[in-house]
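Read off the chains here:
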Amino acid sequence: TLTVKNPSTEPIKVTFPSSQKYDFVVTDSTTGRDVWRWSANKSFFMALVDQTVPANGSLVFTEQWKPLGRGRYLVHGVLVSLSHRAEAYASVIVP
């Protein structure tokens, strides 16, 4: 889950270059190779898309990844926006 918060007292308009608003990438920490990308093999409508985030509101994007094996992985969530930058990282250990 990637949560992007607007802590201000005013709404903000977030502009996206397409219908894709976010992405998740999972990297194998041992090899440094990407093992999963949410947006892979997906098509997105190419047009500017605006979304308003209310004051003290947030955008929440959730996807599920099924690991293929044991290991330590780095998960990177990113907001795909022209107007605002947001990203988060998490380390996941699959026993």
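These remarks concern the structure in this document.

The next thing to look at is the pattern of salt bridges. With the rule as written, the count across this model stands at four salt bridges. Residues Lys13 and Asp50 are paired through a salt bridge, measuring 3.9 Å at the closest nitrogen-oxygen approach. Of this pair, Lys13 sits in strand 2 (residues 12-16) while Asp50 sits in strand 5 (residues 49-53); the two residues are 37 residues apart in sequence, bridging distant segments of the chain. The class of Asp50 is partly exposed, set by a relative accessible area of 46%. Taken together, the salt bridges that share partners define one network made up of Asp23, Asp34 and Arg37.

Right, let's talk about the nonpolar core for a bit. Ranked by size, the top nonpolar core spans 12 residues in total: Leu2, Val4, Val14, Phe16, Tyr22, Phe24, Trp38, Val53, Leu59, Phe61, Leu79 and Ala86. Elements supplying a minimum of two residues to this core: strand 1 (2-5), strand 2, strand 3 (22-28) and strand 6 (58-61). Each residue touching Val53, except ones within four places of it in the same chain, is listed here: Asn6, Pro11, Ile12, Val14, Ser58 and Leu59.

What counts, and at which threshold
Residues numbered from 1 in each chain as written. Predicted model: local features only at pLDDT ≥ 70, side-chain atom pairs only at ≥ 80, totals over all residues. Heavy atoms only, no water. Salt bridge = Lys/Arg side-chain N within 4 Å of Asp/Glu carboxyl O. Helix = DSSP H or I, 4+ residues; strand = E, 2+ residues; numbered from the N terminus. Buried < 20%, exposed > 50% of the residue type's maximum accessible area, 1.4 Å probe, protein only. Core = buried A, V, L, I, M, F, W, Y, C linked by side-chain atoms within 4.5 Å. Contact = heavy atoms within 4.5 Å.

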